[in-house]
Amino acid sequence: MGSKRGLAVILATLAATAHAAASSQDLDQLMALLAQRQHGHVSFTEEHFLAVLDRPVKSSGELFYDAPDRLEKRTLKPKPETLVLQHGVITAQRGHHTYTLNLSDYPQIVPLIDSIRATLAGDRASLEHLFKVTFDGTVEQWTLLLQPSDTAVAKSVKQIRIEGTRDAIHTVEIQQADGDRSLLTIGPEVAQ
Amino acid sequence: MTRSGVIGTLVWAVLVAIAAWVVARAHYTTDLSAFLPRSPTQTQRLLVDQLRDGLASRLIIVAIEGADSATRARVSAAVAQQLRSDRQFAAISNGETAGAERDREFLFKNRYLLSETVTPQRFTVAGLQDAIQDTIDLLASPAGMLVKDLLPHDPTGEIVQVVGQVSGGGAPRTADGVWVSGDGKRALIVAQTRALGSDTDGQQRAVEAIRGAFAQATGPTPGVTLLMSGPGVFAVNSRANIIKEVTRLSILSTVIIVALLLGVYRSLTALVLGLVPVASGAVAGIAAVALGVGVVHGITLGFGVTLIGEAVDYSIYLFIQSQQRGDGWLRSVWPTIRLGMLTSVCGFASLLPSGFAGLAQLGLYSIAGLVAAALVTRFVLPHWLPRNFAIRDVSPVGVVVSRLLQRVRGAPVMAVVLSMIAGAVLYLHRDSLWNRELSGLSPVSLADQDLDAQLRVDIHAPDVRYMAVVTALNQESALEIAEKIGAKLDPLIDANVIGGFDSPAHYLPSAATQRERQNSIPPTSELRDRLQKAVEGMPVRAERLEPFLTDVEAARTQPLLSRKDLDNTSLASGFDALLMHGRTGWIALLPLRASPQHPSYIDDRPIRKAVEEAAPGHAILLDVKGEADTLYSTYLSEAVRLSLAGFAAIVILLLVTLRSPMRVIRVVTPLALAVLVVAGGFALAGRQLTILHVIGMLLIVAVGSNYALFFDRRAEDAHPGSVPLTLASLIVANVATVISFGILAFSTVPVLSALGSTVAPGALLALIFSALLARHVPVPMVSG
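This report concerns the structure included in the present document. Model, not experiment: these values are computed from the prediction.

**Observations concerning the overall build of chain A**
For step 1, the next point in the chain: Scanning chain A for helices and strands turns up 4 helices and 11 strands.
For step 2, the next point in the chain: Classification of the 192 residues of chain A by burial places 30% in the buried group.
For step 3, the next point in the chain: Residue pairs at least 24 apart in sequence account for 40% of intrachain contacts in chain A once pairs closer than 6 positions are excluded.

**Considerations on the packing of helix α3 (residues 69-84) of chain B against helix α9 (residues 200-218) of chain B**
Residue and element names in this part refer to chain B.
For step 1, the next point in the chain: Running from N to C, α3 and α9 cross one another at 135 degrees; their axes reach a closest spacing of 9 Å. As far as their axial angle goes, α9 and α3 are oblique. The way α3 lies across α9 gives a crossing that is right-handed. Contact residues: V75, A78, V79, Q82 and L83 in α3; A209, I210, A213, F214, Q216, A217 and T218 in α9.
For step 2, the next point in the chain: Across the contact of α3 with α9, the residue classes break down as 9 nonpolar, 3 polar and no charged.

**Some thoughts on the packing of α9 of chain B against helix α10 (residues 231-265) of chain B**
Residue and element names in this part refer to chain B.
For step 1, the next point in the chain: Orientation of α9 relative to α10, taken along the N-to-C sense of each, is 100 degrees, at an axis distance of 9 Å. Taken together, α9 and α10 sit at an angle that is classed as roughly perpendicular. Where α9 approaches α10, its residues T200, Q203, Q204, A206 and V207 are matched on the opposing element by G232, V233, A235, V236 and R239.
For step 2, the next point in the chain: For the contact of α9 with α10, the residue count by class is 5 nonpolar, 4 polar and 1 charged.

**So, the pairing of strand β8 (residues 142-148) of chain A**
All names here are of chain A.
For step 1, the next point in the chain: A one-sided burial pattern is seen for β8, the buried positions being W142, L144, L146 and P148 and the unburied ones T143, L145 and Q147.
For step 2, the next point in the chain: Of the pairings in the sheet, the one linking strand β7 (residues 131-137) to β8 comprises 7 bridges and is antiparallel in character. Counterpart to G137 in the pairing with β8 is W142.
For step 3, the next point in the chain: With 5 bridges connecting them, β8 and strand β9 (residues 157-165) associate as antiparallel partners. Its bridge partner lying in β9, T143 is registered against E163.

**A look at the nonpolar core**
Residue and element names in this part refer to chain B.
For step 1, the next point in the chain: In this structure, A674, I695, I700, A763 and A766 are the most contacted members of the largest nonpolar core, which totals 126 residues.
For step 2, the next point in the chain: Here this core gets 16 residues from one element, more than from any other, and that element is helix α28 (residues 691-716).
For step 3, the next point in the chain: Counting residues in each nonpolar core, the second largest holds 67 residues, with Y112, V160, V535 and L621 among its members.

**Describing unusual backbone geometry**
For step 1, the next point in the chain: Across the junction of K77 of chain A and P78 of chain A, the peptide omega takes the value 0 degrees, indicating a cis bond.
For step 2, the next point in the chain: Of note, the phi angle at N496 of chain B is positive, near 65 degrees, even though the residue is not glycine.
For step 3, the next point in the chain: Structurally, the position occupied by N496 of chain B is in the loop between α19 (475-494) and β10 (500-501).
For step 4, the next point in the chain: Its identity as a non-glycine residue notwithstanding, R659 of chain B has a phi of 55 degrees, on the positive side.
For step 5, the next point in the chain: The residue R659 of chain B is located in the loop between α26 (624-658) and α27 (661-685) in this model.
For step 6, the next point in the chain: By C-beta crowding, R659 of chain B is classed as exposed, having 9 other C-beta atoms within 10 Å.

**Description of helix α24 (residues 571-578) of chain B**
All names here are of chain B.
For step 1, the next point in the chain: Listed in full, the buried residues belonging to α24 are L571, G574, F575, A577 and L578. For α24, the buried positions fall inside an angular range of 160 degrees around the axis, keeping them on one side.
For step 2, the next point in the chain: Residues of α24 that are buried in the fold lie against α4 (100-109), α8 (158-167), α20 (504-507), β11 (579-581) and β12 (586-593).

**Focus on the pairing of strand β5 (residues 89-94) of chain A**
Residue and element names in this part refer to chain A.
For step 1, the next point in the chain: Going residue by residue along β5, you find I90, A92 and R94 tucked away on one face and V89, T91 and Q93 left uncovered on the opposite face.
For step 2, the next point in the chain: Direction of pairing for strand β4 (residues 81-86) relative to β5: antiparallel, over a ladder of 6 bridges. Pairing of E81 across the sheet is with R94, part of β5.
For step 3, the next point in the chain: Between β4 and β5, which pair antiparallel in sequence order, lie 2 residues; one of them, H87, sits at a positive phi of approximately 50 degrees.

Thresholds, definitions, all that
Residues numbered from 1 in each chain as written. Chains lettered and ligands numbered in written order. Predicted model: local features only at pLDDT ≥ 70, side-chain atom pairs only at ≥ 80, totals over all residues. Helix = DSSP H or I, 4+ residues; strand = E, 2+ residues; numbered from the N terminus. Buried ≥ 20, exposed ≤ 12 C-beta atoms within 10 Å, placed from the backbone. Contact = placed C-beta atoms within 7 Å. Axes fitted to C-alpha atoms, helices over the stretch in contact; angles between N-to-C directions. Parallel < 35°, antiparallel > 145°, perpendicular 65-115°, else oblique. Left-handed = near helix turned anticlockwise from the far one by under 90°. Nonpolar A, V, L, I, M, F, W, Y, C, P; charged D, E, K, R; others polar. Pairing = 2+ DSSP bridges. Core = buried A, V, L, I, M, F, W, Y, C linked by C-beta atoms within 7 Å. Arc of directions from axis to C-beta.

Dropping the structure here:
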């Protein structure tokens, strides 16, 4: 009995290792695919489900990406706002006012931004620095499940789920520890 | 020794003893602001005060290079931690979030007194509606995560407004939790010293503390290096450099001149005696400065090197020319030395009224030194010459040179051609001849200036060119005026004239404004009704916003904020940088930032109008760079005027003594020619002239006049027998002068090198031109 169970455990471990190896390979392949992409310009819609509000807040606009670390989120509705992330600094322009946020001052929002930035850049090292990364599916149709490895971050972010096909990201769902959640849906490439 | 010799020696001994006592007790400084102009207008005084002691002067930028990013971050954190516990520093920032929590807490707690958007309008139904809608929109952005927990307390988003007010222009990039340069290759720390920028000792202690903290933090870590920049660091480095240079140059100059004189005299006695006037002059010069000015500047001591070159001339003339004339020396040679000395004094006297305290000091030093050296040569030295005093016969040198001179034909034509060439060169370069920027005088090397500029870009320190400056009797009214100006500047942000501005009132509003903000808050019951109406149709219910009502009510009755409430937050240093106690009251600064649309250009006219309208008589718009350059230009023209006055004084002195306009022209022409050619040489070499070169040219005239006078005298002299000796003494004297100024030309202290590189070639040319243009060169009677 004992030895049978032992064997089962070994087999299960082997299988898990094999699976992990396969998914690790797929993840590498996906990252390489994503890393090839130098520019992106897509439309997006975003919904925030917040406990403090009775209804979700919706916004939409366009996203711009330049490898490796410039991300611009141009919200058009409900109110025009431009956010630029570069070199770890977020510059926000609302109306006539420009605000800058140093990401390092706000560690709790770093994973929110870096999950998307590192995925877009195909930067596996960055992703795995911040999260426990689980790859599911195939390169053709994939899901990345990101769980914060830092306990302090885990206090605010529960998990981030990114879905896509090949080098295109379709949705980014962020679940916060307090139950609030947001869903970013990315549309097709905007024609130039 | 004769009776007059005994008296002379006694008087000399007593005076030297007194002077030496003064020198020993004198105060010495290396504060470079002595070479910043004294400033005549209030604006300019403000400017110089800011340069000397303003916040900018107390910032040291520290960069850590080498190894990898994580190591640099670790070193940065360790250095910052060590320095934060050091009382010498008012603030240490390296991008770590330590302390940011306290700042946020303060801002949040007092948001209703601090926020500029708190007005009666804000608490109307429409005002609340707008503000709450804005906040809900913000929730949809990444920053939303930061504010969502605050929504029940702060639905109108005052904290966002307040953080925006105090966060100014921007922050450096961060990596591994600390500030880094744009390329990520350096970790950055900004240290603010308590010591004033002009307190070089204090700055030196701060610099050493940073070095110590760095050494401790790196320990055995290899490959990590420390860079520092900032006005305090420059002052410390310049001081060390000046001390090193002055010592080095004095020793070098002395050794070379001693070797020269030994070679010429072949007599140890003559050498020692020859240095007596020089040493007496140096002691007298320093004593005069100590008594007249109070403090002696290190650069003055460096300049003293040149005195060796000129004062040694007197004994050279005495020793060489008295060889043949014996006691006749007093009658024939001394008057010429005296006149030469007086022309030099005229030249140096024109430095006395200079707006640069440092230059006035050089003038005083030189006058006292030369007068003392000449008097010692006249009244003391001749009595000390031993009966059998003899030096090597140097007349063969004079004979050779004299023969060479005779071979030269057409000297006047050459002079005319040369002056025309020099004139043409100067004319062609007339637009770029002068360096009209204050930085042209900077004692800081170009490499250091580049590093500084680079580090400043890295830390996003705004290069403040324009700022509104408020002067007021007390802190409260300074803040009130700053608020009035702020109200006028806000529309200019919307109009894209400026990108933004800082104000002390952003950190701490005036008491009047704080009270006004409290008064704009309605009583709780009233506000609850309005809130109910405002949130109708919004995704948030009024009941959730109960904490808002509590907070607002608390703000309505809270005690007003004062400066001490900022203690223990990083806001204190931001506030103190913008509001300070000045010479005659309180000064508030409102630095302006350029609009992102045109980052390198600000149209100052609408701003000037806004500032002056907001607070007539209490505020001005200061154009820092423009004002500094104007200031410098003023002093440049002052220096030119003073030099011309000095030149005129020399001409008048010559007219009075020589009583012949022709002779004056003969004396002055070679000097003017030398100045012209040197200036032309600078223009050809592409070196722009500064105020110091102007002074140098004055010195060419002052020193060169000695040579021209001897040639003039010789031309008038009935006893041409001394010609070879006169020529020989002039050549030796000239070589001594050229060597001592030439050594200065290689100094890394710009003040000294500018003077040296002007005077050394100028003195040589003055001798050559004087010799060539002498009316006629009599045939020397060669003995043997």
